[in-house]
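Here is how the chains run, residue by residue.
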Amino acid sequence: SKKTDDKNNVKLGQEVANIAETEQIEVIFVSLDSVQKEYDNYRSTMPWLSIPFANLWKMDLKDKLAKKFGVVSIPTLIVLDGHSGEIVTRNGKGQYTNYFTGEYELQSSCVVS
């Protein structure tokens with residue numbers, strides 16, 4: 001159900017945020033919501049940076065980023081190398097603890113959800 005998915009997404013978000021605080025990692029929330037109210041509700045549960053809703057549409061960032069990173073379902077957590085911008089994994093949701101606990105050596109990282 002959507003309510004269960006939302007709770008699981010919030011829990012994942014909290015776990016990632018807690019880990020990111022202790023590592024040199026930046027998390028950026030990119031929403032695929034098409035309704036401002038839905039974006040605002042979901043964004044209010046996320047403790048990290050986000051691309052403003054208006055910019056997602058005005059600059060066509062939502063579709064460009066989804067296409068660039070092959071996002072086909074949500075939530076998606078993509079780990080990027082902070083130096084090269086290369087994708088480390090598209091399965092960040094399943095592997096985030098590997099990348100946020102030093103098993104992947106990075107100076108910094110960016111995560112796109």
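The structure we're discussing is the one just above.
Residues numbered from 1 in each chain as written. Predicted model: local features only at pLDDT ≥ 70, side-chain atom pairs only at ≥ 80, totals over all residues. Heavy atoms only, no water.

### Examining the packing of aromatic side chains
Under the definition given, this model contains 4 aromatic pairs. An angle of 50° between the planes, with centres 6.3 Å apart, marks the rings of phenylalanine 53 and tryptophan 57 as tilted. Remark: tryptophan 57 and phenylalanine 53 occur in helix α3 (residues 53–58); sequence separation between them is 4 residues, near one turn of the helix. A residue is classified by how much of its surface remains accessible, and phenylalanine 53, at 11% relative accessible area, is buried. (Phe/Tyr/Trp six-rings, centres within 6.5 Å; stacked < 30°, edge-to-face > 60°. Helix = DSSP H or I, 4+ residues; strand = E, 2+ residues; numbered from the N terminus. Buried < 20%, exposed > 50% of the residue type's maximum accessible area, 1.4 Å probe, protein only.)

### As for the nonpolar core
Grouped together as the largest cluster of nonpolar side chains are 12 residues: Ala17, Ile25, Val27, Phe29, Val30, Tyr39, Tyr42, Met46, Trp48, Ile51, Phe53 and Leu56. At the level of elements, β1 (25–29), α2 (36–43) and α3 are the ones that each hand at least two residues to this core. Here this core takes 3 residues from β1, the largest share from any one element. (Core = buried A, V, L, I, M, F, W, Y, C linked by side-chain atoms within 4.5 Å.)

### Quick word on the side chain of lysine 62
With respect to the helices and strands, lysine 62 occurs in helix α4 (residues 61–69). For lysine 62, a relative accessible area of 12% puts it in the buried group. Beyond its immediate sequence surroundings of up to four residues, lysine 62 is in contact with Ser31, Leu32, Asp33, Leu56 and Trp57. (Contact = heavy atoms within 4.5 Å.)

### A closer look at the environment of valine 71
Examined against the element boundaries, valine 71 turns out to sit in the loop between α4 and β3 (78–81). Between the C-alpha atom of valine 71 and that of leucine 32, which follows or precedes it by 39 residues, the distance is 9.7 Å. With near-sequence residues (within four places) excluded, valine 71 lies in contact with Leu32, Ala66, Thr76 and Ile78.

### Quick word on α4
Buried residues of α4: Lys62, Ala66 and Phe69, and no others. Seen from one end, α4 has its buried residues packed into an arc of 85°, which puts them on one side. In α4, the exposed positions that point more than 90 degrees away from the buried face belong to Lys64, Lys67 and Lys68. Contact partners of the buried residues in α4: α3, β3 and β4 (87–89). Count one or two residues on from α4 and you reach glycine 70, which has phi positive near 65°. (Arc of directions from axis to C-beta.)

### Section: the pairing of β1
Residues Ile25, Val27 and Phe29 line the buried face of β1, whereas the alternating positions Glu26 and Ile28 sit on a face that is not buried. In this sheet, strand β2 (residues 49–50) lies alongside β1 in parallel orientation, the contact comprising 2 bridges. Within β2, the residue paired with phenylalanine 29 across the bridge is serine 50. (Pairing = 2+ DSSP bridges.)

### Quick word on unusual backbone geometry
For aspartate 60, which is not glycine, the phi torsion reads 60° and is therefore positive. Take aspartate 60: it is sitting in the loop between α3 and α4.

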